[in-house]
Amino acid sequence: MRERRKWNGTLLTSVVVAAIIPWGTGRAGSQDQAGPEVTPFDQHPWGEAVFLVRADGSSGLGFLVDSQGLILTADSLVEMAPYIAVRRDAQRQFMAQVLVLDRKSGAAVLRVAPAAFADVTPLALLGEDEEPPREGDEVLAVGRTDGGMDLSATTGVVKQVGKRMIVHSALLAKGDVGGPLLNSRGVVIGMNAAPTRE
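Residues numbered from 1 in each chain as written. Predicted model: local features only at pLDDT ≥ 70, side-chain atom pairs only at ≥ 80, totals over all residues. Heavy atoms only, no water.

(A) Broad picture of unusual backbone geometry. A positive phi angle is found at M80, which is not glycine, with a value near 70°. Here M80 lies in the loop between α2 (75-78) and β5 (84-87). (Helix = DSSP H or I, 4+ residues; strand = E, 2+ residues; numbered from the N terminus.)

(B) Quick peek at the pairing of strand β2 (residues 50-55). With 5 of its 6 residues buried, β2 lies for the most part within the structure. Here 6 bridges tie β2 to strand β3 (residues 58-64), and the two strands are oriented antiparallel to one another. Across the sheet, L52 pairs through a bridge with L61, a residue of β3. With antiparallel pairing between neighbouring strands as the criterion, β2 and β3 make up a hairpin whose turn holds 2 residues, including D56 at a positive phi of roughly 50°. Where β2 lies against β5, 4 bridges are found, and the strand directions are antiparallel. Bridging across to β5, L52 finds its partner in R87. (Buried < 20%, exposed > 50% of the residue type's maximum accessible area, 1.4 Å probe, protein only. Pairing = 2+ DSSP bridges.)

(C) The arrangement of the packing of aromatic side chains in detail. Counted under the stated rule, the structure contains 2 aromatic pairs. Measuring from ring centre to ring centre gives 4.5 Å for F51 and F117, while their planes differ by 50°; the resulting arrangement is tilted. Residue F51 is found in strand β2, and its partner F117 is found in the loop between β8 (107-111) and β9 (138-144); the two are separated by 66 residues along the sequence. Across the pair, exposure class does not vary: F51 and F117 are buried alike. Members of the aromatic cluster, joined through ring pairs, are F51, F94 and F117. (Phe/Tyr/Trp six-rings, centres within 6.5 Å; stacked < 30°, edge-to-face > 60°.)

(D) Main features of the sheet that holds β8. With respect to topology, 7 strands assemble into an open sheet ordered β6-β5-β2-β3-β4-β8-β7, the strand pairing being antiparallel. Two strands close off the open sheet at either side, each with one partner strand: β6 (93-95) and β7 (97-102). Pairs of neighbouring strands in the sheet enclose a mean axial angle of 30°, with direction left out of account. As paired elements, β5 and β6 share 3 bridges and run antiparallel to each other. Of the residues in β6, the one forming a bridge with V86 is F94. (Axes fitted to C-alpha atoms, helices over the stretch in contact; angles between N-to-C directions.)

(E) Geometry of the confidence of the model for the protein chain. Chain-level pLDDT for the protein chain is 76 on average; 72% of the residues reach the 70-or-more range. In the model, residues 1-7 has pLDDT below 50 throughout and makes 37 contacts with residues more than four positions away in sequence or in other chains. Per-residue pLDDT stays below 50 along residues 18-41; that stretch engages in 54 contacts with residues further than four places along the chain or on separate chains. (pLDDT = per-residue confidence, 0-100. Contact = heavy atoms within 4.5 Å.)

(F) Local environment of the side chain of T154. Mapped onto the elements, T154 comes out in strand β10 (residues 151-161). At 2.7 Å, the side chain of T154 forms a polar contact with the backbone oxygen of L171. (Polar contact = N/O pair within 3.5 Å; in protein donor to acceptor, adjacent residues only side chain to side chain.)

(G) Region of interest: the nonpolar core. With 35 residues, the main nonpolar core has F63, I71, V78, V86, L110 and F117 as its most contacted residues. Counting only elements with at least two residues in this core, the list comes to β2, β3, β4 (70-74), α2, β5, β8, β9 and β13 (188-195). Setting aside residues up to four positions removed in sequence, I71 forms contacts with F51, G62, F63, L64, V86, A108, V109, L110, V112 and F117. Core analysis: the next-biggest nonpolar cluster, separate from the first, contains 11 residues, A124, L126, I166 and L181 among them. (Core = buried A, V, L, I, M, F, W, Y, C linked by side-chain atoms within 4.5 Å.)

In structure tokens:
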């Protein structure tokens, strides 16, 4: 059952992500490759690029942001985990390597073999020249159905925007940590982080 409370989301942009991905590993949102197509979230096939992430008994979500197999998830999910697996569906699971744990942004960057997701279009990240989220904006948070493998999504509105945090009203559960938060254009503006107490 989803908790009815405000949720925090980690604020993410292409600039933030590019800053935490090491040189030589492929850079999400780089200018030398065509960016993912932007689609309004009511028409967006976001489920294709969002995956279950399992790490030492814990589970949450991650999402593909680069054609080189780079996946973003929450740092709290994979920190200190001896193994990490990204599950594409019931039959396919791939081991992932942690490239970066960035406590400042709350994000972790994982890498899987690019061939594992070669047919998946990465999600677009908010660009430096794009309008940032504002209070009252509609958002869509991608989570899981009752903590299982099936994805679900809930809509809400932005309640507050801080330097590194977005507070919104979309309903989520604990196992939804690491999932993407999309704006009305289907662009990733954040990542599911943690609930706030009201």
